[in-house]
Amino acid sequence: GLFLGGSAIAMSFVRDTPHRAVNQDNPLKHIASFPALFRANPAFRRMTLVQALQGVAVAALPLLILFSKQTFSFSLAVTALLIPMQTAGSLAGGLIWGVVSHRLGNHRIIQLDQANILLIMALAVVAFLTGWAWLAFPLAFLSGITFAAWMGFPNYIIDITDERTRPQHLVMSSLVG
């Protein structure tokens, strides 16, 4: 509550930069342009496919905590420790992906996150087959890192689209992800 209140107070001082009035087009006109925009940009098509596949994998990540509880018969107290571990991973992920974006580019966030998801899957299989309960903690941390990688997609869209069609591309991406 304290952080949220502080955030709300800080945001009250933020002002938008002046911008020109935008023509209020019919939203259906923009939606009708989606197929042509999708066909016109091969990089966006590839990114959208990756984003859809990653969305399926990421949807399963919160279930890792339940998987760990059931597979290793964790008590409620031990299971509860996995949640802050996942949160810590998300905080670390924000820092990691920020550095990756700055130094290597936004497409690398997407690529490296795919590698992280494969690592998570491999470790989950190893944990299941070996009974190594301790792997639940790095799994929770790594899944938190993946939760923070969402910014790679919209930032990459900014890189690969022109300013005129960027809003439509961002809307299309949000419908997939």
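The preceding data block contains the structure.
About the thresholds
- Residues numbered from 1 in each chain as written.
- Predicted model: local features only at pLDDT ≥ 70, side-chain atom pairs only at ≥ 80, totals over all residues.
- Heavy atoms only, no water.
- 1 Å grid on protein atoms, 1.4 Å probe; cavity = no way out; pocket = protein on both sides within 12 Å on 5 of 7 lines; lining within 4 Å.
- Points joined across faces, edges and corners; volume = space filled by probe spheres on them.
- Helix = DSSP H or I, 4+ residues; strand = E, 2+ residues; numbered from the N terminus.
- Nonpolar A, V, L, I, M, F, W, Y, C, P; charged D, E, K, R; others polar.
- Expected span 1.5 Å × (residues − 1).
- Buried < 20%, exposed > 50% of the residue type's maximum accessible area, 1.4 Å probe, protein only.
- Contact = heavy atoms within 4.5 Å.
- Core = buried A, V, L, I, M, F, W, Y, C linked by side-chain atoms within 4.5 Å.
- Phe/Tyr/Trp six-rings, centres within 6.5 Å; stacked < 30°, edge-to-face > 60°.
- Axes fitted to C-alpha atoms, helices over the stretch in contact; angles between N-to-C directions.
- Parallel < 35°, antiparallel > 145°, perpendicular 65-115°, else oblique.
- Left-handed = near helix turned anticlockwise from the far one by under 90°.

1. Looking at the layout of surface pockets
Part 1: By volume, the second largest pocket is sized at about 230 Å³.
Part 2: Of all the secondary-structure elements, those providing two or more residues to the lining of the second largest pocket are α3 (42-60), α7 (136-147), α8 (152-160) and α9 (166-176).
Part 3: Considering only residue class, the lining of the second largest pocket consists of 7 nonpolar, 7 polar and no charged.

2. Quick word on helix α5 (residues 76-104)
Part 1: Over its 29 residues, α5 extends 41 Å from the first C-alpha to the last, a length consistent with the 42 Å expected when each residue adds 1.5 Å.
Part 2: Among the residues of α5, T79, L82, Q86, G89, G93, W97 and V100 are the ones counted as buried.
Part 3: Packing partners of the buried residues in α5 comprise α4 (63-72), α6 (106-130) and α7.
Part 4: At the C-terminal side of α5, G105 shows a positive phi close to 105°.

3. A word on the side chain of S143
Part 1: Of note, S143 is situated in helix α7.
Part 2: Take S143: its relative accessible area is 0%, and that puts it in the buried class.
Part 3: Once residues lying within four places of it in the same chain are set aside, the contact partners of S143 are L61, L64, Q86 and I120.

4. With respect to α6
Part 1: The terminal C-alpha atoms of α6, which comprises 25 residues, lie 36 Å apart, in line with the 36 Å expected from a rise of 1.5 Å per residue.
Part 2: The set of residues buried in α6 consists of N106, I109, I110, D113, N116, I117, I120, L123, A124 and A127.
Part 3: Among the structural elements, α3, α4, α5, α7 and α8 are those in contact with the buried residues of α6.

5. Some remarks on the nonpolar core
Part 1: Within the largest apolar cluster, 22 residues are counted, with the highest numbers of intra-cluster contacts made by L64, L82, W97, I109, I120 and L139.
Part 2: Discounting residues that sit within four places of it in the chain, L139 has contacts with L64, I120, L123 and A124.
Part 3: Core analysis: the next-biggest nonpolar cluster, separate from the first, contains 10 residues, M47, I110, F153 and I157 among them.

6. Thoughts on the packing of aromatic side chains
Part 1: In this structure the tally under the stated criterion is 6 aromatic pairs.
Part 2: Pairing F38 with F44 gives two aromatic rings, centres 6.0 Å apart and planes at 85°, and the pair type is edge-to-face.
Part 3: According to the relative accessible area criterion, F38 is partly exposed, its value standing at 31%.
Part 4: Residues F67 and F72 carry aromatic rings whose centres are separated by 6.3 Å and whose planes lie at 80° to one another, so their mutual orientation is edge-to-face.
Part 5: By way of ring pairs, the aromatic residues F67, F72, F74, F128 and F137 are connected into one cluster.

7. What to know about the packing of α8 against α9
Part 1: Their axes nearest at 10 Å, the elements α8 and α9 cross at an angle of 150°. In terms of axis orientation, α8 runs roughly antiparallel to α9. By crossing handedness, the relation of α8 to α9 is classed as right-handed. Contact residues: α8 offers P154, I157 and I158, while α9 offers R166, H169, L170 and S173.
Part 2: For the contact of α8 with α9, the class distribution of residues is 4 nonpolar, 2 polar and 1 charged.

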